[in-house]
Each structure stands twice: as structure tokens, then as C-alpha cells.
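Architecture at a glance
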Amino acid sequence: MSQEIVDAVKVLEQEKGISADTLMDALADALLSAYRKSPGSAKYARVDLDHETGDFRVFELILPAELEEKLLSEAIAEQERTIDPETGEMREPEEPELDPEMLAPYEDQIETKDVTPEDFGRIAAQTAKQVIYQRIREAERQMMFDEYRDRVGELITGLIQQSDKRYTLVQLRERVEALLPKSEQVYSERYDHGMRVKAVITDVSESTKGPSIVVSRRSPELIKGLFELEVPEIADKLVEIVGVAREPGYRSKIAVVSHADGVDPVGACVGPRGSRVRMVVSELRGEKIDIIPYNEEPARFVAKALSPARVREVLVDDEEMQATVVVPDDQLSLAIGRDGQNARLAARLTGWRVDIKSESEFAKDESSMEYEGEEEFDGRCMAVLATGRRCPNAAIGGSTYCGLPQHQALSRFSTSHVGVLAGLGDGEISTLADPDSDDAEVTALVAGAEAEFVEPSDEPEVVEEPAAEDEGETVEDEAEVAEGETEAVAEEASAQAEVAEGEAEVEAEAVAEEVPRKRKLKKLLKNLKPSR
């Protein structure tokens, strides 16, 4: 019998993956539990089980009265008093049992006696069997928990087992199921029995029925995991997804950056003819994905994040983390998106508050601002563009202009309008932008450019009509016009008369031809009459 137990434990170790020592300890506890339920069992007992041979013995533990009283008092002190839910009264703690662990330090004071029964009987064997099964299930649950507790955020694949209005069960592998709650489902997706789905593990916790695994189809980590599967460059850490903004079932935006020279992050994610991104879209059941190249400069990043809309200018406020975006009038609705979706996703992706304005609206707001002298410097480049608006770039340190050579050259002039540089070449502009240039050469260039420059005026031009030299010429011109009109009327009347004459001649000819035709027809009909 002992050898059969050892063989059975080895088989379970191979099939379930549970160590033999764990099963042998469970068997010892099962035998002790069965012994305590048998009639005439000792109050305190211990089971010694040999893990190699499977031989077991039951020993009665005989405690001295003083030691037993001391251990019981300590056990009672550790127990907490509870309240009876029916009566509301304090419930006295029951007499505790002394565990073998409490008795282990006092082995030298405890006497033992071999009380191994000859036959435990059917009930004892059944009890031992149930305890062993329970320990096996607990060991399996602990192994499952240890396997999945470190996999939070990982992409997994499973089969739909059950789906209703409350939740959906996904089978990850044999005897391991995960919960897909309603809050983590995409409203437009259907989960039919037997369907294979990919999801992200969001939570793993222990419970009485085993580890509780919660998965999600709405998490942004799902998109990262899917791209890692389809794009080798992401799996090899050559391309990184630095941000994801998602509205499940509608649209997503991801920001990618390359860590290797010569690797295009957007092209790597799109794949040949869009094959890679198409696979991700298919797994997400048609959800649209915009792939944005990441840029450390906020203005460029915000402009790219509003794709597919075209952006003209981006004005950023570093302190408030706010970006004002100027787009063409025909691109305003595209930049905002349906129900503001495009702008909302761009704000989530970049982390900046995005305010979108059309060119006409922005020009109206800018028209009331003064750009010359009276305006206080606010950290933005003071250069005035040809359109009449200020440069959107931030000024560099120690200057009121941005880093563009054309705008740095404006520091040499009394005006900030870029039109003053229209007659200068690139070399001359570079000379003006260089603070170490020769003063005499700079003075000559500035004088020549300012002499040719005309400050544009904001007032609309008034076009005056040339005045007549005298009244005589005016009257003479009017007479010539009247005479010309009379001749035109006469020519038109003559033309109409000619048309009428031609029509009369055609009509006369038609009548002349019609008379012989009628006579000939009358003669023919007369010949056809029957003779009497």
C-alpha cells in the first residue's frame, strides 16, 4: 500500500506539475485528519510520513498538565471575541486546538506513544482522499496565480467561452479562464462562442475559487501589444511607441520614435503597402489608427498630431501648456474632427491643451495688435511676416527674434518687417545676422535696404477715377457715342429688312412650285375615275 501511494504521488507530480513533497505533506495532514475523526483517537497526535517509502506512523502526544495549560492560555489570548449575528451578543471563543507547530519547541518535554490503527476503514480513506484532492486544487491555483500575477499589461490570446450582458469568459488555456467585464468591452464588437480574441491582462488577484484574471479590450496597451506582434522593429526596440491616445471602436493615434539611424518609424509601423497596420486594424474590428512621428519640439508635435488636417502655424505657451493652432479655413472642420474627436485625441497624445482657429479668425484677432515698438516683448519673435502677422516662433535667449537668419538680421533695422530684406541676398543677410560682422559693412547694408524699403500701410488703397480735362471734350465724347449708337440701330434695321425680303422671296418660290403640283394631281385623280 505504501509503495502504491509513492507511485501515485510521482504520477501526479508529472501530470500536475506539483512537487512530490507538497503532495506528501498533504497526505500526512489527510491521515491526521482521518485519525482524529476515528473513534477513540488521542487528543493530541502527530503523523510521521516517510517521503521515500511512503510508510507512516501515528503518535499520541502526552503533554504535562502545566505545559498544556500554558499553551491553551496563550492560544485563547490570541483569539478574538466575535458577535453573534442573530442575538447581537458577544460570542465566547471556543476551546482552541494546539497545532503541531506550537508543540514543536517543546518536544523534549512531550512523551510520544505509537497509536497507529490497524485499519482506518472506509471513512478514513475517503476523508484522506478528499483532503488530498483539496490540496492538489489549492496547489494548482497557487501555481496559476504565480504564473499570471507578473503578466499584468501583457497581450494574451483566448477563446470566448460564454458571453452575456454582464460579462464574457475567455479561456486562456486548459482550466484557466479570464473575465472580460462589460466596462472593458468595445460597444461595437460581438463576442460569439468559440471566437478567438486578443486582450490585455489588467488585474490578477487571489480568490477562493482560484486566481481572478481580468482582461480588457479597451486598454491602450492593446494597441502597443498588437504593433509589437506585427512590427519586428518595435519588438527589437529599434522603434518605440511613446504615446497612445484611443477612443475604442472609433479612432486611435500613436506617437512613434526611432532609436536607430536609417529606420523610418512611421514606415516601419505601416509596413509594405500598409500590410502591418492593416493587420492591427483588422484585429481591432475596423478602428482607424493615425501613426504620428514623435518630435521633442512641442509645436511640431502638435501640428503632426492633428493629422490629417494641414496646419499653418502653432503658437505654444510653455507655462500654461497650451498650443494655439492656426489652420486654413477649409481645414477647420477636419482639424476639429467629428464631435471634436481629432482635437481631443491630439490633446491626449501630446499632453497639451489645443485651441484650433481658422486663418480668418486668427487674422481678425491679430489685426488689433500693434507690432512696432509699442508692444511689450512677450518672449515671442518680434518679426512681422509679409502677411502682416508676427512670427509664431519663440525668441532665442538674449534676443527678441527667433533663430532664423532673416529674423536675426532685423535686429539691425529700426523696423521689424521682413520686407526690408527683400533686396538683399543670402550672403548679405548672413552678414547682418552675424553679431561679429564689420560695422562699416553692416551700416552700408542697412542704409541701402532702408532707403529702398517702403513701410506697408494697413489702410486700404483708394482708386481715383481720372477727371475730364474740360466740359467741351466730355460733350464731344458723348456726341460721338450717341452717333455710334444711331449707326448701330440703322445697321440692325437694314439687316432685319434684308432678312424679311429673303423670307418673302422663298415663300413666293414655294407658292409658284405648289400650283403646278396641284394641277398635276387633279388631272391624275380624274383619270382614275371608273367609266360608266
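To be clear, the structure that these remarks concern was listed above.
So, here's what we can say about the structure.

Let us now look at the overall build of the protein. If you tally the helices and strands in the protein, you get 17 helices and 16 strands. A buried classification covers 33% of the 532 residues belonging to the protein. Residue pairs in contact within the protein that sit at least 24 positions apart in sequence constitute 54% of those at least 6 positions apart. For the protein, the accessible surface area stands at approximately 34500 Å², while carbon and sulfur atoms represent 49% of it.

With that settled, consider the sheet that holds strand β11 (residues 239–247). Strand order in the open sheet formed by 3 strands is β11-β12-β13, and the pairing between neighbours is mixed. Taken across any chain shown, the strands that pair with only one partner, and hence form the sheet edges, are β11 and β13 (288–293). The sheet shows a mean angle of 20° between the axes of neighbouring strands, direction not considered. On the sheet, helix α6 (residues 221–230) packs against β11, β12 (251–258) and β13 and is oriented at approximately 140° with respect to β11. Against the sheet, helix α10 (residues 298–305) makes contact with β12 and β13, and its axis sits at roughly 160° relative to β13, the strand it touches most.

Moving on to a negative patch on the surface. On the surface, E13, D21, D25, D50, E52 and D55 cluster together to form a negatively charged patch. Its relative accessible area of 39% is what places D25 among the partly exposed residues.

Now for the sheet that holds strand β15 (residues 322–327). The 3 strands lie next to each other as β14-β15-β16, forming an open sheet whose pairing is mixed. The two strands at the open ends of the sheet, each matched to only one other strand, are β14 (313–317) and β16 (353–358). Taking the axes of each pair of neighbouring strands and ignoring which way they run, one obtains an average angle of 20° across the sheet. As judged from the 6 bridges shared by β15 and β16, these two strands associate in the parallel manner. Bridging across to β16, V327 finds its partner in S358. Sitting on the sheet, α10 touches β14, β15 and β16, and the angle it makes with β14 is about 125°.

Another aspect to go through is the packing of aromatic side chains. Within this structure, the stated rule accounts for 2 aromatic pairs. When the centroid spacing of 5.8 Å and the interplanar angle of 25° are considered together, the rings of Y187 and Y250 count as stacked. Of this pair, Y187 sits in the loop between β8 (176–181) and β9 (196–205) while Y250 is found in the loop between β11 and β12, placing the two residues 63 residues apart along the sequence. Seen from their ring centres, Y294 and F301 are 5.0 Å apart, and the 75° between their planes marks the pair as edge-to-face. For Y294, a relative accessible area of 36% gives the class partly exposed. Overall, the relative accessible area of 7% leaves F301 in the buried class.

Once that is clear, we can look at the pairing of strand β1 (residues 45–49). Only one face of β1 is covered, namely the one carrying A45, V47 and L49; the face carrying R46 and D48 has none of its residues buried. In terms of strand pairing, β1 meets strand β2 (residues 56–62) through 5 bridges, oriented antiparallel. Residue D48 lies in a different strand from β2, and its bridge partner there is R57. Adjacent in sequence and paired antiparallel, β1 and β2 are bridged by 6 residues, among which G54 carries a positive phi angle near 85°.

Quick look at unusual backbone geometry now. Omega for the peptide link from S307 to P308 comes to 15°, which places this bond in the cis form. Mapped onto the secondary structure, P308 falls in the loop between α10 and β14. Unlike most non-glycine residues, K237 shows phi in positive territory, near 65°. Here K237 lies in the loop between α7 (232–235) and β11.

All right, on to the pattern of salt bridges then. What the rule picks out here adds up to 16 salt bridges. The residue E147 makes a salt bridge to R173 at a minimum N-O spacing of 2.8 Å. Linking E147 in helix α5 (residues 121–148) with R173 in strand β7 (residues 167–173), this pair joins segments that are 26 residues apart in sequence. Taking relative accessible area as the criterion, R173 reaches 35% and is therefore assigned partly exposed. For R217, the salt bridge identified is with E189, shortest N-O distance 2.8 Å. Taken together, the positions of R217 in the loop between β10 (212–216) and α6 and E189 in the loop between β8 and β9 put the pair 28 residues apart, joining distant regions of the chain. E189 shares its class with R217; the two are buried. Put simply, E147, R151, E154 and R173 are held in one network by salt bridges that share partners.

Structurally, the position occupied by L222 is in helix α6. Given a relative accessible area of 0%, L222 falls into the buried group. Taking the C-alpha atoms as reference points, L222 and L284, 62 residues apart in sequence, are found 9.2 Å from one another. Excluding its chain neighbours within four sequence positions, the residues that come into contact with L222 are L155, K198, A199, V200, R217, R246 and L284.

What follows deals with the environment of H193. Within the secondary structure layout, H193 lies in the loop between β8 and β9. Here H193 falls in the exposed class, since its relative accessible area comes to 63%. Linking H193 and L159, residues 34 residues apart in sequence, is a C-alpha distance of 7.7 Å. Filtering out sequence-adjacent residues up to four positions away, H193 remains in contact with I160 and Q161. Here the side chain of H193 touches Q161 through a polar contact of 2.9 Å, landing on its backbone oxygen.

What counts as what
- Residues numbered from 1 in each chain as written.
- Predicted model: local features only at pLDDT ≥ 70, side-chain atom pairs only at ≥ 80, totals over all residues.
- Heavy atoms only, no water.
- Helix = DSSP H or I, 4+ residues; strand = E, 2+ residues; numbered from the N terminus.
- Buried < 20%, exposed > 50% of the residue type's maximum accessible area, 1.4 Å probe, protein only.
- Contact = heavy atoms within 4.5 Å.
- Areas by Shrake-Rupley, 256 points an atom, 1.4 Å probe, with all protein chains shown as cover.
- Pairing = 2+ DSSP bridges.
- Axes fitted to C-alpha atoms, helices over the stretch in contact; angles between N-to-C directions.
- Patch = residues over 30% accessible without salt bridge, like charges linked within 9 Å, V, L, I, M, F, W, Y side chains within 5 Å.
- Salt bridge = Lys/Arg side-chain N within 4 Å of Asp/Glu carboxyl O.
- Lys, Arg positive; Asp, Glu negative; His and termini not counted.
- Charge placed at Lys NZ, Arg CZ, Asp CG, Glu CD.
- Phe/Tyr/Trp six-rings, centres within 6.5 Å; stacked < 30°, edge-to-face > 60°.
- Polar contact = N/O pair within 3.5 Å; in protein donor to acceptor, adjacent residues only side chain to side chain.

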